[in-house]
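Residues per chain are reported as follows:
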Amino acid sequence: MWYHKPVINEDLLRGLPNLKIVASSGVGIDHLDLTLLMRYAVKVSNTPFVVSTDTADMAMALMLASSRRLVEGYQMAVSPSTEYFPADWLGSEVSGATLGIVGMGTIGYKVAERAKGFEMKILYHNRNRRNKEEESAVGATYCEKIDDLLQQSDFVLLSVILIPETHKLIGKRELELMKPTATLINISRGLVVDQDALVVALQNKVIKGAALDVTYPEPLPRDHPLLKMKNVIITPHIGSATKKARLLMMENMIESIQAGLKGRLIPNEVL
């Protein structure tokens, strides 16, 4: 499966009685009906680790671009109507700011490693707390309650998988807990955020801005209000979009397929 295609449904499974494995690219598996696949005795694999480095880089790129108003600055610099650069056009600092990471899996942890280089204060919320050695290595502080993280963070990064528990994890209540100077960064899935609530929060300056590599749907309708806001950066779900990562994803999928067909232990099997 590449870009969630083909769609795996019961009609397809009935037509493929000898199917042994579905190898899906990327980390997320929200597009797969695991219960249905299990009923047909079909195994599933994904490629979670080879995308983590580039996706973490993308998270930092979004944070830097939004904080320094990079897109706005570019538009100002190239606009035919620009006659001078205003001296009071300012961004926000990343170095020394507080980063709250929601979802400290492989990608979230790699973001923390990068943020440490910017001398950021790192908070994180996760289903399972990481061990003290891992926390110490990046200087991260665990927040048992997501509310504590939201209230303290200058940047809130979403790096969770989409499951029923994370569907619209960030809604009106959560946005109102954030600082009015805070920026929301989403590299997970669009449905992790209540987009209608986000639009209202941005319009009413409940939070300062948003940087989104994912939306729902993708792409957004061309008249969607998020596309018209200066305090929003949207990229086309390109967290893993580097030549090296995509090649490694395909190699991982081939390895899993070969193992599945030969009855061997499947690398990166989704259990």
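Going by what an unreviewed UniProt entry lists, the protein chain is known as Glyoxylate reductase/hydroxypyruvate reductase and is assigned to Bucco capensis. Turning to the protein chain, the UniProt record has this under Sequence similarities (unreviewed entry): "Belongs to the D-isomer specific 2-hydroxyacid dehydrogenase family."

Draft legend 1. Molecular detail of the sheet that holds strand β9 (residues 232-234). An order of β5-β4-β3-β6-β7-β8-β9 is seen for the 7 strands of this open sheet, with the pairing classed as parallel. The strands lining the two open edges of the sheet, one partner per strand, are β5 (140-142) and β9. Neighbouring strand axes in the sheet, compared pairwise and without regard to direction, differ in orientation by 20° on average. Judged from the 4 bridges that link them, strand β6 (residues 155-158) and strand β7 (residues 183-186) form a sheet pairing that is parallel. Bridge assignment links Leu157 to a residue of β7, and that residue is Ile185.

Draft legend 2. Region of interest: unusual backbone geometry. Between Tyr216 and Pro217 the backbone carries a cis peptide bond, its omega angle lying at -5°. Tracing the backbone shows Pro217 in the loop between β8 (209-212) and β9. Here the bond from Glu218 into Pro219 is cis, since omega is -5°, no more than 30 degrees from zero. By the element assignment, Pro219 lies in the loop between β8 and β9. Residues other than glycine seldom take positive phi values, yet Ala41 does so here, at roughly 60°. Its location among the elements puts Ala41 in the loop between α2 (34-39) and β2 (43-45). The residue Arg69 is not glycine, and still its phi comes out positive at about 55°.

Draft legend 3. Region of the structure containing the UniProt feature "domain: D-isomer specific 2-hydroxyacid dehydrogenase catalytic" (unreviewed entry) in the protein chain. Feature annotation in UniProt places "domain: D-isomer specific 2-hydroxyacid dehydrogenase catalytic" (unreviewed entry) on residues 3-270, given in this structure's numbering. A distance of 18 Å separates the end C-alpha atoms of residues 3-270, which is 37% helix and 13% strand.

Draft legend 4. Spatial organisation of the pattern of salt bridges. In total, this model carries 12 salt bridges according to the counting rule given. Arg189 is paired through a salt bridge with Asp30; the nearest N and O atoms lie 3.1 Å apart. In this pair, Arg189 sits in the loop between β7 and α9 (195-203) while Asp30 sits in the loop between β1 (21-23) and α2, placing the two residues 159 residues apart along the sequence. Residue classification places Arg189 among the buried residues on the basis of a relative accessible area of 16%. For Asp30, a relative accessible area of 32% translates into the label partly exposed. One salt bridge connects Glu174 with Arg173, and the closest N-O pair in it is separated by 3.2 Å. The class of Arg173 is partly exposed, set by a relative accessible area of 44%. Look at the salt bridges and you will find they share partners, linking Glu10, Asp11, Arg14 and Arg39 into a network.

Draft legend 5. Representation of the environment of Ser24 within the structure. If you trace the backbone, Ser24 turns up in the loop between β1 and α2. Sequence separation between Ser24 and Tyr3 is 21 residues; the distance between their C-alpha atoms is 8.5 Å. At 3.0 Å, the side chain of Ser24 forms a polar contact with the side chain of His31.

Conventions we followed
Residues numbered from 1 in each chain as written. Predicted model: local features only at pLDDT ≥ 70, side-chain atom pairs only at ≥ 80, totals over all residues. Heavy atoms only, no water. UniProt positions renumbered as here; feature names shortened; annotations may be inferred. Pairing = 2+ DSSP bridges. Helix = DSSP H or I, 4+ residues; strand = E, 2+ residues; numbered from the N terminus. Axes fitted to C-alpha atoms, helices over the stretch in contact; angles between N-to-C directions. Salt bridge = Lys/Arg side-chain N within 4 Å of Asp/Glu carboxyl O. Buried < 20%, exposed > 50% of the residue type's maximum accessible area, 1.4 Å probe, protein only. Polar contact = N/O pair within 3.5 Å; in protein donor to acceptor, adjacent residues only side chain to side chain.

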